[in-house]
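Architecture at a glance
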Amino acid sequence: MRTYDVAPLFRSSVGFDRLLDLLSQAERAEATAAWPPYNIEKVAEDEYRITMAVAGFTSDEIELTQHDTALLVSGQKKSQESERQYLHRGIAARTFRQTFNLAEHVRVTGATLENGLLTVDLKREVPEALKPHRITIGGMQAALGQDNAPAQIKGEAEAA
């Protein structure tokens with residue numbers, strides 16, 4: 001695997017430190033992060049879905065937590081059945097903890113557990129104030145709501 005030095009990018013970019021931290025973090029990803037297996041798919045323009053194979057877990061044994069731009073999915077079996085004697089145990093029932101880094105304004109809209117697959121639906125909802133808006137260019141007319149004339153206090157205007 002190749003490693004890339006992103007340090008030169010820090011010198012010439014402003015405000016991209018979160019992205020550069022993610023690149024550095026990806027290099028240090030552990031092999032254990034591959035269990036349980038999962039898919040990430042883009043469902044629509046601003047909608048995503050994470051599907052995790054969590055066979056043997058029930059919905060009360062899985063916890064989903066979103067804190068700011070991190071989604072934590074963890075699972076822990078509540079009780080181990082000691083009365084069963086396994087000759088081969090191929091279905092993993094080990095504890096897992098998986099963290100997904102989300103972009104800003106992405107939130108979880110729902111989660112379901114069906115047939116051993118945990119499905120987490122995500123949606124990007126950018127606030128109206130942060131969406132791009134068109135600015136009209138006027139000729140000699142001042143823009144609405146903008147007055148560059150010096151402010152006059154009411155009492156001073158009457159005295160003049």
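Parameters at a glance
Residues numbered from 1 in each chain as written. Predicted model: local features only at pLDDT ≥ 70, side-chain atom pairs only at ≥ 80, totals over all residues. Heavy atoms only, no water. Helix = DSSP H or I, 4+ residues; strand = E, 2+ residues; numbered from the N terminus. Buried < 20%, exposed > 50% of the residue type's maximum accessible area, 1.4 Å probe, protein only. Contact = heavy atoms within 4.5 Å. Areas by Shrake-Rupley, 256 points an atom, 1.4 Å probe, with all protein chains shown as cover. Polar contact = N/O pair within 3.5 Å; in protein donor to acceptor, adjacent residues only side chain to side chain. Pairing = 2+ DSSP bridges. Axes fitted to C-alpha atoms, helices over the stretch in contact; angles between N-to-C directions.

Within the protein chain, the regular secondary structure consists of three helices and seven strands. For the protein chain, the sequential pattern of α-helices and β-strands runs α-α-β-β-β-β-β-β-β-α. Counting every position in the protein chain, which comprises 160 residues, the buried fraction comes to 16%. Summarising the internal contacts of the protein chain: among those between residues at least 6 apart in sequence, 49% fall at separations of at least 24. A total of about 13,200 Å² of accessible surface is found on the protein chain, and carbon and sulfur atoms cover 51% of it.

The next point concerns the side chain of Gln98. Within the secondary structure, Gln98 is located in strand β5 (residues 96–101). In this structure the side chain of Gln98 is engaged in a polar contact, spanning 3.5 Å, whose partner is the side chain of Tyr38.

Here we take up the pairing of β5. Only one face of β5 is covered, namely the face carrying Phe96, Gln98 and Phe100; the face carrying Arg97, Thr99 and Asn101 is uncovered. Taken together, the six bridges between strand β4 (residues 70–75) and β5 define a ladder with antiparallel strand orientation. Directly across from Leu71, in β5, lies its bridge partner Phe100.

With that settled, the discussion passes to the sheet that holds strand β2 (residues 47–53). The four strands lie next to each other as β1-β2-β7-β6, forming an open sheet whose pairing is antiparallel. Among the strands making up the open sheet, the edge pair consists of β1 (38–44) and β6 (106–114). Ignoring which end each strand starts from, the neighbouring axes of this sheet average 20° apart. Here β6 pairs with strand β7 (residues 117–124) via eight bridges, running antiparallel. Note on β7: the bridge partner recorded for Arg107 is Lys123.

Another aspect to go through is the sheet that holds β4. As summarised here, the arrangement of the three strands in space is β3-β4-β5, forming an open sheet in which the pairing is antiparallel. On the outer flanks of this sheet lie β3 (62–67) and β5, each paired with one strand and no other. The mean angle between the axes of side-by-side strands here comes to 15°, regardless of whether they run parallel or antiparallel. Direction of pairing for β3 relative to β4: antiparallel, over a ladder of six bridges. By the bridge assignment, His67 is partnered in β4 with Ala70.

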